[in-house]
Amino acid sequence: MLVLSAMTPAWGEDDLRMLRAAAIRKAAQSVADSIVRVEKFGVADAAGEVADDAPTVAIAVDDARHFIASSLVNRQNATAIVLVAADGTRTTAKVIASDDRRQLVLLEAADDLGVRPVQLNAEPCEVGQTVIAVGRIAGDGSLAVSSGILSAKDRLWGVALQTDARVSSVFYGGPLIDLRGQLLGVLVPAVPDDAGEDSTAWYDSGVAFAIPAAAIGKRLARLVRGENIHPGLVGIVAKSNDPYVEFTEISAVRPRSPAALAEMIPGDVVQSVAGIAVRSHREIKQILGTYDAGETVMIEIRRGDETINKEILLAESIPPLRPQWIGITARDENADDKQSIIVTGLFAGGPAEKVLLVGDQIQAAGGSKVDDVSSLRRRVFTADPEAPIAVTVLRQADGESKTIELSIQPTEMATAKIQSTPDSVRYNVNAKTKWVTEDLTLPDVANKGVVFAPELKDGAAPDDQPLGFLMVMADPGETDLKKAIKPLSDLAAKSGVIVCMLAPANDARWNPEEIDVPVRVLGSLKKTYPVDELMTAVTGSEKGAGGSMAMAVAIGRPGAFAGLAIHAEVRPPAVRLVENNPSAPLQILIQAAASPDEPLWAAAIAKAGYVIVRDDAETQSMLRWIRSLPRI
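K.L.:
It is not clear to me how the overall build of the chain should be interpreted in this structure. Could you clarify?
P.N.:
Along its length, the chain carries 12 helices and 34 strands. Relative to the 2.2 N^0.38 estimate, which gives 26 Å for 632 residues, the radius of gyration of the chain is 28 Å and therefore close to what a compact globule would have. Taken along the three principal axes of its C-alpha coordinates, the chain extends 95 × 65 × 65 Å. Taking contacts inside the chain between residues at least 6 apart in sequence as the whole, the part at least 24 apart equals 67%. Roughly 29300 Å² of accessible area belongs to the chain as shown, and the carbon and sulfur atoms make up 50% of that amount. If you average the places of the 64 positive and of the 82 negative side-chain charges in the chain, the two averages end up 1 Å apart.

K.L.:
What is the right way to look at the packing of aromatic side chains in this model?
P.N.:
Per the stated rule, a full pass over the model turns up 3 aromatic pairs. Both rings, one in tyrosine 427 and one in tryptophan 435, keep their centres 6.3 Å apart while their planes meet at 85°; by these two values the pair is edge-to-face. For tryptophan 435, a relative accessible area of 13% corresponds to the buried category. Here the aromatic residues Tyr427, Trp435 and Phe452 are joined through ring pairs into a cluster of three or more. When the ring centre of tryptophan 325 is taken as origin, the NZ or CZ atom of arginine 631, which lies over that ring, is 5.9 Å away.

K.L.:
How should the pattern of salt bridges be read in this particular structure?
P.N.:
Where charged atoms from two side chains of opposite charge come close, those side chains can pair. Counted by the stated rule, this structure contains 24 salt bridges. Arginine 426 is the salt-bridge partner of aspartate 423, the closest N and O atoms lying 2.5 Å from each other. Among the ionic pairs, aspartate 516 bridges to arginine 557, the shortest N-O distance being 2.6 Å. Of this pair, aspartate 516 sits in the loop between strand E30 (497-502) and helix H9 (517-526) while arginine 557 sits in the loop between helix H10 (545-556) and strand E32 (563-567), and the two are 41 residues apart along the sequence. Using a relative accessible area of 34% as the deciding quantity, one classes aspartate 516 as partly exposed.

K.L.:
It is not clear to me how helix H12 (residues 619-628) should be interpreted in this structure. Could you clarify?
P.N.:
One full turn of an α-helix is made of 3.6 residues, so residues set three or four places apart face in the same direction. Most of H12 sits inside the fold, with 7 of its 10 residues counted as buried. Along H12, the residues that are buried comprise Ser621, Met622, Leu623, Trp625, Ile626, Arg627 and Ser628.

K.L.:
Is there a simple way to think about the nonpolar core in this case?
P.N.:
A general tendency of soluble globular proteins is for nonpolar side chains to be buried together. Within the largest apolar cluster, 73 residues are counted, with the highest numbers of intra-cluster contacts made by Phe469, Met471, Ile498, Val521, Leu564, Ile588 and Ile626. The contacts of leucine 564, once residues within four sequence positions are left out, are Val538, Ala550, Met551, Ala554, Leu586, Gln587, Ile588, Leu589 and Trp625. By size, the runner-up hydrophobic cluster in this structure holds 32 residues, among which are Ile68, Ala97, Ile132 and Ile177.

K.L.:
Would you mind showing me how to read the side chain of glutamine 591 here?
P.N.:
Locating glutamine 591 in the fold gives a position in strand E33 (residues 587-591). With a relative accessible area of 9%, glutamine 591 lands in the buried category. Excluding its chain neighbours within four sequence positions, the residues that come into contact with glutamine 591 are Thr539, Ala565, Ile566, His567, Ala568, Asp615, Asp616, Ala617, Glu618 and Met622.

K.L.:
Just to check I follow, could you spell out the packing of helix H8 (residues 481-495) against H12 for this structure?
P.N.:
Each packed pair of helices is defined by two parameters, the angle between the axes and the distance between the axes. Packing of H8 against H12 leaves a shortest axis separation of 10 Å and a crossing angle of 30°. Regarding the angle of H8 to H12, the classification is roughly parallel. Relative to H12, H8 is oriented so that their crossing is right-handed. Residues Leu488, Leu491, Ala492 and Ser495 of H8 lie in contact with H12, whose contacting residues are Thr619, Gln620, Leu623 and Arg627.

K.L.:
Any chance you could explain the sheet that holds strand E15 (residues 269-273) here in plain terms?
P.N.:
For sheets, the rule is that strands pair by backbone hydrogen bonds, running either parallel or antiparallel. Read across the sheet, 4 strands follow the order E16-E15-E17-E18 without closing on themselves; strand pairing throughout is antiparallel. Each having just a single partner strand, strand E16 (276-277) and strand E18 (306-313) make up the two edges of the open sheet. Sheet topology places E15 next to strand E17 (residues 296-303); 4 bridges connect them, and they run antiparallel. Looking across to E17, one finds that valine 273 is bridged to isoleucine 299. With respect to the sheet, helix H6 (residues 281-288) is in contact with E15, E16 and E17, its orientation differing from that of E15 by roughly 40°.

K.L.:
Would you mind showing me how to read the pairing of strand E6 (residues 104-109) here?
P.N.:
In summary, the side chains of a regular strand alternate between the two faces of the sheet. Counting buried positions along E6 gives 5 out of 6 residues, so the element sits mostly inside the fold. Pairing geometry for strand E3 (residues 66-70) and E6, over 5 bridges, is antiparallel. Across the sheet, isoleucine 68 pairs through a bridge with leucine 106, a residue of E6. The pairing of strand E5 (residues 90-99) with E6 spans 6 bridges and is antiparallel. Counted as the bridge partner of alanine 93 is alanine 109 from E6. Linking two consecutive strands that pair antiparallel, namely E5 and E6, is a turn of 4 residues; a positive phi of about 60° is found at glutamine 103 within it.

K.L.:
Explanation requested: unusual backbone geometry in the structure shown.
P.N.:
Glycine aside, residues mostly have negative phi angles, and peptide bonds mostly take the trans form. Positive phi, normally seen in glycine, also occurs at glutamine 103, with a value near 60°. Mapped onto the elements of the fold, glutamine 103 is located in the loop between E5 and E6. Backbone geometry at arginine 256 places phi at a positive 60°, although glycine is not the residue there. Assignment of secondary structure puts arginine 256 in the loop between strand E14 (250-253) and helix H5 (258-261). Given a relative accessible area of 41%, arginine 256 falls into the partly exposed group.

K.L.:
I keep staring at the sheet that holds strand E29 (residues 467-473) and nothing clicks. Help me out?
P.N.:
Taken together, the 8 strands give an open sheet; going across it, the order is E27-E28-E30-E29-E31-E32-E33-E34, and neighbouring strands pair in mixed fashion. Either end of the sheet is taken by a strand with one partner, and the two such strands are strand E27 (435-439) and strand E34 (611-615). When the angles between neighbouring strand axes are averaged without regard to direction, this sheet yields 20°. As judged from the 5 bridges shared by E33 and E34, these two strands associate in the parallel manner.

What counts and how
- Residues numbered from 1 in each chain as written.
- Predicted model: local features only at pLDDT ≥ 70, side-chain atom pairs only at ≥ 80, totals over all residues.
- Heavy atoms only, no water.
- Helix = DSSP H or I, 4+ residues; strand = E, 2+ residues; numbered from the N terminus.
- Rg over C-alpha atoms; globule rule 2.2 N^0.38 Å.
- Contact = heavy atoms within 4.5 Å.
- Areas by Shrake-Rupley, 256 points an atom, 1.4 Å probe, with all protein chains shown as cover.
- Lys, Arg positive; Asp, Glu negative; His and termini not counted.
- Charge placed at Lys NZ, Arg CZ, Asp CG, Glu CD.
- Phe/Tyr/Trp six-rings, centres within 6.5 Å; stacked < 30°, edge-to-face > 60°.
- Buried < 20%, exposed > 50% of the residue type's maximum accessible area, 1.4 Å probe, protein only.
- Lys NZ or Arg CZ within 6 Å of the ring centre and 35° of its normal.
- Salt bridge = Lys/Arg side-chain N within 4 Å of Asp/Glu carboxyl O.
- Core = buried A, V, L, I, M, F, W, Y, C linked by side-chain atoms within 4.5 Å.
- Axes fitted to C-alpha atoms, helices over the stretch in contact; angles between N-to-C directions.
- Parallel < 35°, antiparallel > 145°, perpendicular 65-115°, else oblique.
- Left-handed = near helix turned anticlockwise from the far one by under 90°.
- Pairing = 2+ DSSP bridges.

This is the structure:
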């Protein structure tokens, strides 16, 4: 043993570094012949000019001139797509099909480039192992190589590998390999699950995603046949805003969705999906994320004392969300260890005005029991616009409690004309309450801000009336925030709406990473003041970058604010537009008194199920709208 020890070379740190570098180069070279550059031409930029687009890459997957690339290839309508091999050989290509769930496209080259296809087999991989991202640099076409570790699996709701290798556009569509050169996955321009920013904001961020090779291989034949692959949709709405809560009851079922066709109903409790027991809606979403439209999945539910198995055929699309309302406000009330829903207000001209009475106790809606206001809101919000809602109420009349069956025809929130607000959402001005403007201080936040709110007495708010909250994102360059907030002050105090004005940390611009600052500020102030979480909105101080940042916050952080007040001329930010979340719906007020035309972005937002109303640009109108946001 002593002799063997003496013969073992003593590896130094430099030696090990050189060996690792050599292994990475060898692994990268082993897949180099499979990678081609993808160049797009004739792409229209935001100003309408025609421009070249940054190149990405693609990898050959068979001998029939088929290449897998990232979704960046077809995010804009290019007049030409060109593939460039390592030796400079060029040919045009066309998109055959796309996998929208995994952000991949399949290209077919016009001519044979003589490249070697990769093997889409299932290579085992473990979290913590070394991985290598490989692409091609624009210009000379030399390899781009970035190494890191495999930091997670089953990300992006079950479909992606995650690595800390630093990647940019020249890697997207390229391979993620191990030290032996074996293909683990294909890099895609995805962003973390809770990120609202466009993928380009995550270049070189140290967070990158790749679609496992086995998942691509499983679907390759369908793509070659020209079949587009879409996420599989069910159409259930969670009862809790927090997907991590260990609670799987269904609060609402989307009309004409797979869940509705399978006769699932509100109140059903999901016990397992595809044979896997679930404890939260996050786990439900994680399992369903691996299924595509057109596939079936078995969902086991508990309904009362009965266990039922439902075979669900997942859909490519569900009829667009058309948010409904009946025109009431309500509160949860606990009495004798029982929770009930009490009608507290009726909106003049609303569908329920001549049907319900203030004080009615709502027991059921839409054919099943409803036991809290948040569930009632979701059920009404997602109601079938073509069918009335059956409502069961307990009503006090002549000293007796009577159970009454009623019917209310909901209408779209976007078309609702609020003639006046009920007392339940009005603020009763207290002459003894003094409102003051103070500097905002928050640990670890470089942004300057001011807050206009009731003066605290002994560290507490002077009364317990529910307050509204308006976050104003200042335009870059705004220096005197107290002066800027002053025009809002008198009306805000009379309306019971706290106003906070926040400036960017950089005087020149808002940065994407500041998207969470308004959320943190609101969370901090809610600990001090009785802010109704449904009376919260974000806006911009003018028509510039502050408004764009407000839109990024509202859409990019679902559930953080209940409303977005935005001027029609604000330029929309680069955020992913996802369907409005029925569990925490966002309502949008477009402020424009002069132009009768809707902004270009309004149609896309409305199609995604966001409640859009239009009003003048007057402060009083905006504050009244904020106080009315709790409407159902």
